[in-house]
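Chain and residue survey
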Amino acid sequence: MGEQQVHAVPRHRPERSARGNRDPVHSAKIPHMVTGRLISIFVKRAHGGRMDGQQHAVLETDSGLVGNADRGGRRQVTLLSQERWEELMTTVGISLDETTTRDDVALLGFTSGTTGEPKATMHFHRDLMIVADGYAKEVLNVTEDDVFVGSPPLAFTFGLGGLAIFPLRFGATATLLENAAPPEMVKIIETYKATICFTSPTAYRAMMAAMDKGADLSSLRLAVSAGETLPAPVFESWTRKTGKTILDGIGSTELLHIFITNRVGDAVAGTTGLPVAG
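This report concerns the structure included in the present document. From a predicted model like this one, the values you see are computed outputs, not experimental measurements.

Procedures and definitions
Residues numbered from 1 in each chain as written. Predicted model: local features only at pLDDT ≥ 70, side-chain atom pairs only at ≥ 80, totals over all residues. Heavy atoms only, no water. Phe/Tyr/Trp six-rings, centres within 6.5 Å; stacked < 30°, edge-to-face > 60°. Helix = DSSP H or I, 4+ residues; strand = E, 2+ residues; numbered from the N terminus. Buried < 20%, exposed > 50% of the residue type's maximum accessible area, 1.4 Å probe, protein only. Expected span 1.5 Å × (residues − 1). Core = buried A, V, L, I, M, F, W, Y, C linked by side-chain atoms within 4.5 Å. Contact = heavy atoms within 4.5 Å.

Here we look at the packing of aromatic side chains
- One pass over the full model with this rule turns up 5 aromatic pairs.
- For the pair F158 and F198, a centre-to-centre distance of 5.4 Å together with 55° between the ring planes defines the contact as tilted. Residue F158 is located in helix α3 (residues 157-170), and its partner F198 is located in strand β9 (residues 196-199); the two are separated by 40 residues in the primary sequence. An identical accessibility class is assigned to F158 and F198; each is buried.

Spelled out as structure tokens, the structure:
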């Protein structure tokens with residue numbers, strides 16, 4: 001079913017509750033929003049064979065906020081209806097009718113932890129517009145005729161920008177894949193005539209191998225590479241084989257998306273480029 005955002009409260013054991021809550025569903029201190037890959041929904045049987053009437057789900061996620069793991073290593077959470085969610089927000093004093101401004105937090109992006117403990121980085125509503133009107137408009141020149149495709153999940157800010165923020169901002173189209181392996185991306189590009197691709201150098205190598213076997217990727221006008229250094233041989237091979245630009249770029253979760261990049265007509269193999277405006 002893909003990655004779906006659900007209203008969910010972790011099923012912590014009482015003795016393990018972070019803030020000493022006996023039951024995070026009923027004491028309703030601070031509920032968490034958990035995103036994961038939805039595996040199944042089921043009704044849990046209470047003691048004595050009675051049904052407790054609550055929906056539960058099994059999610060694939062590494063989040064420590066989510067409750068007890070099942071035998072498969074996945075985590076179980078309690079799903080809440082919209083009515084129950086609003087009731088819970090009212091209980092903890094959070095208004096759902098407050099006006100959102102450009103300076104309010106829009107999302108939390110989690111770092112990978114390569115330099116220490118992973119951290120949650122706050123990004124405001126204005127930041128989403130900045131990366132779209134900076135990188136997507138200035139560098140990619142996105143229009144409503146573009147069709148985006150890529151391998152990064154939406155939980156990564158590289159994928160969030162390329163497959164959600166940018167197409168939404170400019171009225172373009174995004175193709176979201178359950179399986180983002182290179183062969184699947186090749187099929188999507190051929191089927192939907194994708195014009196902008198977001199993925200890593202490793203995937204571009206595989207896509208060039210597919211082209212040698214007859215794959216038609218001629219609809220692509222831009223290839224965006226990030227996640228690892230773009231080797232000069234890959235840059236040169238892609239440019240020679242497709243006649244199109246491949247843009248290397250560097251971004252970070254802290255800055256939400258790519259902030260240094262090559263440009264069309266000014267891309268040089270083995271270099272990252274210049275800062276993005278804004």
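Some words on helix α2 (residues 125-139)
- Its 15 residues give α2 an end-to-end C-alpha distance of 21 Å, which sits within 8% of 21 Å, the value for a rise of 1.5 Å per residue.
- Those residues of α2 not exposed but buried are D127, V131, A132, G134, Y135, A136 and V139.
- Among the residues trailing α2, N141 stands out with phi positive, at a value near 55°.

A word on the nonpolar core
- Counting residues in hydrophobic clusters, the biggest one holds 26 residues, and the most contacted among them are Y135, L140, V142, F148, F166, F198 and V224.
- Elements supplying a minimum of two residues to this core: α2, α3, β9 and β10 (222-225).
- Element by element, the count of residues in this core is highest for α3, at 7 residues.
- With near-sequence residues (within four places) excluded, F148 lies in contact with V142, G162, L163, F166, P167, A172, T173, A174, T175, I196 and F198.
- Listed in part, the 22 residues of the second largest apolar core include A194, M207, M211 and A215.

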